[in-house]
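# Observations on chain architecture
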Amino acid sequence: MSQQAIDIFRACIPLFNSLSDPARQDIILLLAEREQLSVNEIAEHSNLSRPAISHHLKILRDNHLVKIEQKGTLRYYSLSLEYSVQQLKQLIDVVEKDCIL
């Protein structure tokens, strides 16, 4: 495997870790259905506390999976998958070129 393949794979590890948690998966699926929600609205659809939801949203935001829009005093979260999808496409591309014989 080339060094480029290893580097791209390692760069994707935080994304994989953020996607591996069922609570974060639920948040992603909820945002896919509802487009834009506040922390309180997300918490209404979850058995997690508001601070736990905020923690998971921070991880998702840090890994470019959600974005925030401020409206007055409220912050609304929505999916922002472009960066992550591009990362995964790079990984698939390098794996196809370097690893599949």
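Below: a short report on this structure. (Residues numbered from 1 in each chain as written. Predicted model: local features only at pLDDT ≥ 70, side-chain atom pairs only at ≥ 80, totals over all residues. Heavy atoms only, no water.)

### Details of the nonpolar core
Ranked by internal contacts, the top residues of the largest apolar core, which has 15 residues, are I27, L31, I42, I53, L57, L60 and Y77. The set of elements that each furnish at least two residues to this core consists of α2 (22-34), α3 (39-44) and α4 (50-62). Broken down by element, the residue count for this core peaks at 4 residues, all from α2. The residues contacting L60, other than those within four sequence positions of it, are S18, R24, I27, I28, L65 and V66. In terms of nonpolar packing, the next biggest core, distinct from the first, is built from 5 residues, A5, I8, C12 and V94 among them. (Core = buried A, V, L, I, M, F, W, Y, C linked by side-chain atoms within 4.5 Å. Buried < 20%, exposed > 50% of the residue type's maximum accessible area, 1.4 Å probe, protein only. Helix = DSSP H or I, 4+ residues; strand = E, 2+ residues; numbered from the N terminus. Contact = heavy atoms within 4.5 Å.)

### Concerning the packing of α2 against α4
Interhelical geometry of α2 versus α4 gives an angle of 80° and a closest axis separation of 10 Å. With respect to α4, the axis of α2 lies roughly perpendicular. Residue-level contacts link A23, R24, I27 and I28 of α2 to I53, H56, L57, I59 and L60 of α4. Per-class residue counts for the contact of α2 with α4 are 7 nonpolar, 1 polar and 1 charged. (Axes fitted to C-alpha atoms, helices over the stretch in contact; angles between N-to-C directions. Parallel < 35°, antiparallel > 145°, perpendicular 65-115°, else oblique. Nonpolar A, V, L, I, M, F, W, Y, C, P; charged D, E, K, R; others polar.)

### Topic: helix α1 (residues 3-20)
Taking 1.5 Å of rise per residue, the 18 residues of α1 would be expected to cover 26 Å, and the 25 Å separating its terminal C-alpha atoms lies within 8% of that figure. In α1, a bend of some 35° at I13 exceeds every other bend along the element, and P14, a proline, comes one to four places later. Close packing links the buried residues of α1 with α2, α4 and α5 (82-98). (Expected span 1.5 Å × (residues − 1). Bend = angle between axes of the 7 residues up to and from the residue.)

### Here's the deal with unusual backbone geometry
Here the phi dihedral of E35 falls at roughly 70°; this positive angle occurs in a residue that is not glycine. By secondary structure assignment, the location of E35 is in the loop between α2 and β1 (37-38). We note that H64 has phi near 65°; this positive angle belongs to a residue other than glycine. Looking at where H64 falls in the secondary structure, it is placed in the loop between α4 and β2 (66-71).

### What to know about the pairing of strand β3 (residues 74-79)
Looking at chain direction, β1 and β3 are connected through 2 bridges and run antiparallel. Residue pairing in the sheet places S38 in a bridge with Y76 of β3. In terms of strand pairing, β2 meets β3 through 6 bridges, oriented antiparallel. Following the sheet pairing, E69 is matched in β3 by Y76. Hairpin remark: β2 followed by β3, antiparallel, with 2 residues in the connecting loop; positive phi at G72, about 65°. (Pairing = 2+ DSSP bridges.)

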